[in-house]
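Breakdown of the fold
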Amino acid sequence: MAQQLTQMMASLDTIDVGEEADRQQPKTYAKDSMDRFGDDLCGLILSYLPLKHRFPLECVSKQFRRKVFESVVDIKIRNQLFGLKGNTSADIIGVLERVAEKCPNIQLIDFQSRKGSDALHMFPTISHKFPHLREIYSGLSDNSDQWLPVLAPLITRDECNVYSVDHCHRLSHLETALLNYVFDSTSDELLVKNLQHFKF
Amino acid sequence: MADNADHIDGDDNEDVRAQQNLIKIKLKSSEGGIYECGLTAAKMSDLVKNMVESLGTDAVVTTEPIILGNEAVTDAALKKIIEWVEFHWDDPPVDHDFEDEKDRRNEELSHWDKQFIDVDDQALLFDVIAAANYMDIKGLVEVGAKHICSKIRGKSCQEVREMLKITNDFTAEEEDAIHKENAWIYAKD
């Protein structure tokens, strides 16, 4: 009886040790390995990298892949996007499409460069790929008529010549050469009521 | 600046902050070491701040040390953390306005912070960052994050794995697929 009990306890012990080891195993990381950081901390650290430098890191580990693009909330279109030369509007839209696939949380796109504002007319074809887009900075240009009705509610900043601000209810930053665009032509009412910064 | 009386509880007033930092409280590492720290400095840790507020300042000053039970809070890490908060406790308060935050995120580390965080012992560096994260000292976590990012910027994924001792848990096929997805970014012209 006593022997049985001892045996039972011994086997229980073994089971305990086994479970303990199983539970502990995924948790024991070397102290000098970044594997020890949880997803939140890992994501927070990677959030300090410029977007361009994040792409090479996607294949570091599964954790990096999960976290590396999560914190990207804005993207700025420059004349040379990611060092790619000779961007046409189509190239810029192509890049944005790829960025959208990787970065699901983009809230703001800055199109204020020349190439960027040229590309804006093609943007409505892919704008649905940015489900969290809340703001666009734009340089409204000649071709505004084609896309402005669709995107105007998102525009919060604009420089260059304003052709039609009357849909841009949320415009807060404006730089313009022609003051009369800011007022309604018949009632003289101010069209941009949320303006906080203005350059003339 | 709304100087309403309800709001002056010491946190906004520079003199009070300086005075309160003369009050020393005790912090206990997970290894059992007990270290003194100025009250204002210690309250840069939101974890400590909340404890002090719920226990009351008097209780914290006169009684047991505050126990920081996370394993990252080693003696060495806690000493480093106290050094950091004692240097930074009178920094101007952080503005949470979006633009300012963006500027701050992009700002280079100060000379002092760079020297502070440039720790050769990577285990200690990770302890400091993980402990600062546990203690909720946002400014210090940011210093650690910027330091790591400055080291991995422009490096290949293999170089980053070696530097930060990260295990590659992808299969060769998975890794290849990711490379292909991102090939466009390296294709100049």
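Residues numbered from 1 in each chain as written. Chains lettered and ligands numbered in written order. Predicted model: local features only at pLDDT ≥ 70, side-chain atom pairs only at ≥ 80, totals over all residues. Heavy atoms only, no water.

- If you look chain B up in an unreviewed UniProt entry, it shows as SKP1-like protein from Medioppia subpectinata.
- Taken verbatim from the UniProt record of chain B, the Pathway (unreviewed entry) comment is "Protein modification; protein ubiquitination." (UniProt positions renumbered as here; feature names shortened; annotations may be inferred.)

- For chain A, the name recorded in an unreviewed UniProt entry is F-box domain-containing protein, with Medioppia subpectinata as its organism.

1. Overview of the UniProt feature "domain: F-box" (unreviewed entry) in chain A
- Residues annotated by UniProt as "domain: F-box" (unreviewed entry) correspond here to residues 39-68 of chain A.
- Taken end to end, residues 39-68 of chain A has its terminal C-alpha atoms 10 Å apart, with 47% of it in helix and 0% in strand. (Helix = DSSP H or I, 4+ residues; strand = E, 2+ residues; numbered from the N terminus.)

2. As for the nonpolar core
- With 90 residues, the main nonpolar core has Met34(A), Leu96(A), Ile109(A) and Phe123(A) as its most contacted residues.
- Sorting elements by how many residues they give to this core places helix α8 (residues 122-134) of chain B first, with 8 residues.
- Aside from chain neighbours lying at most four places away, what touches Phe123(A) is Ile93(A), Leu96(A), Ile109(A), Phe111(A), Phe130(A), Leu133(A), Ile136(A) and Leu151(A). (Core = buried A, V, L, I, M, F, W, Y, C linked by side-chain atoms within 4.5 Å. Buried < 20%, exposed > 50% of the residue type's maximum accessible area, 1.4 Å probe, protein only. Contact = heavy atoms within 4.5 Å.)

3. Side note on the pattern of salt bridges
- Scanning the entire structure with this criterion turns up 15 salt bridges over all chains.
- Between Lys138(B) and Asp136(B) there is a salt bridge, and its shortest N-O distance comes to 3.2 Å.
- Classification of Lys138(B) by relative accessible area gives exposed; the value is 52%.
- If you follow the salt bridges from partner to partner, you end up with Glu58(A), Arg65(A), Lys102(A) and Glu181(B) in one network. (Salt bridge = Lys/Arg side-chain N within 4 Å of Asp/Glu carboxyl O.)

4. Overview of the side chain of Ser29(B)
Residue and element names in this part refer to chain B.
- Relative to the assigned elements, Ser29 resides in the loop between β1 (24-28) and β2 (34-38).
- A polar side-chain atom of Ser29 sits 3.0 Å from the main-chain amide nitrogen of Glu31.
- Within the local environment of Ser29, its side chain forms a polar contact with the side chain of Asp75, the two groups lying 2.5 Å apart. (Polar contact = N/O pair within 3.5 Å; in protein donor to acceptor, adjacent residues only side chain to side chain.)

5. Focus on the pairing of β2(B)
Residue and element names in this part refer to chain B.
- Pairing geometry for β1 and β2, over 5 bridges, is antiparallel. Following the sheet pairing, Lys24 is matched in β2 by Gly38.
- Between β1 and β2, which pair antiparallel in sequence order, lie 5 residues; one of them, Gly32, sits at a positive phi of approximately 100 degrees. (Pairing = 2+ DSSP bridges.)

6. Comments concerning the environment of Ile25(B)
All names here are of chain B.
- Looking at the secondary structure, you find Ile25 in strand β1.
- Since its relative accessible area comes to 0%, Ile25 is described here as buried.
- Spatially, the C-alpha atom of Ile25 lies 34 Å from that of Lys102, the residues being 77 residues apart in sequence.
- Contacts of Ile25, omitting those with residues within four sequence positions, involve Tyr35, Glu36, Cys37, Leu39, Ala42, Val48, Val52, Val60, Val61 and Ile66.

7. Things to note about the UniProt feature "domain: SKP1 component POZ" (unreviewed entry) in chain B
- Residues annotated by UniProt as "domain: SKP1 component POZ" (unreviewed entry) correspond here to residues 24-88 of chain B.
- Annotated as residues 24-88 of chain B, this span is 52% helix and 18% strand, and its ends, taken at the C-alpha atoms, are 16 Å apart.

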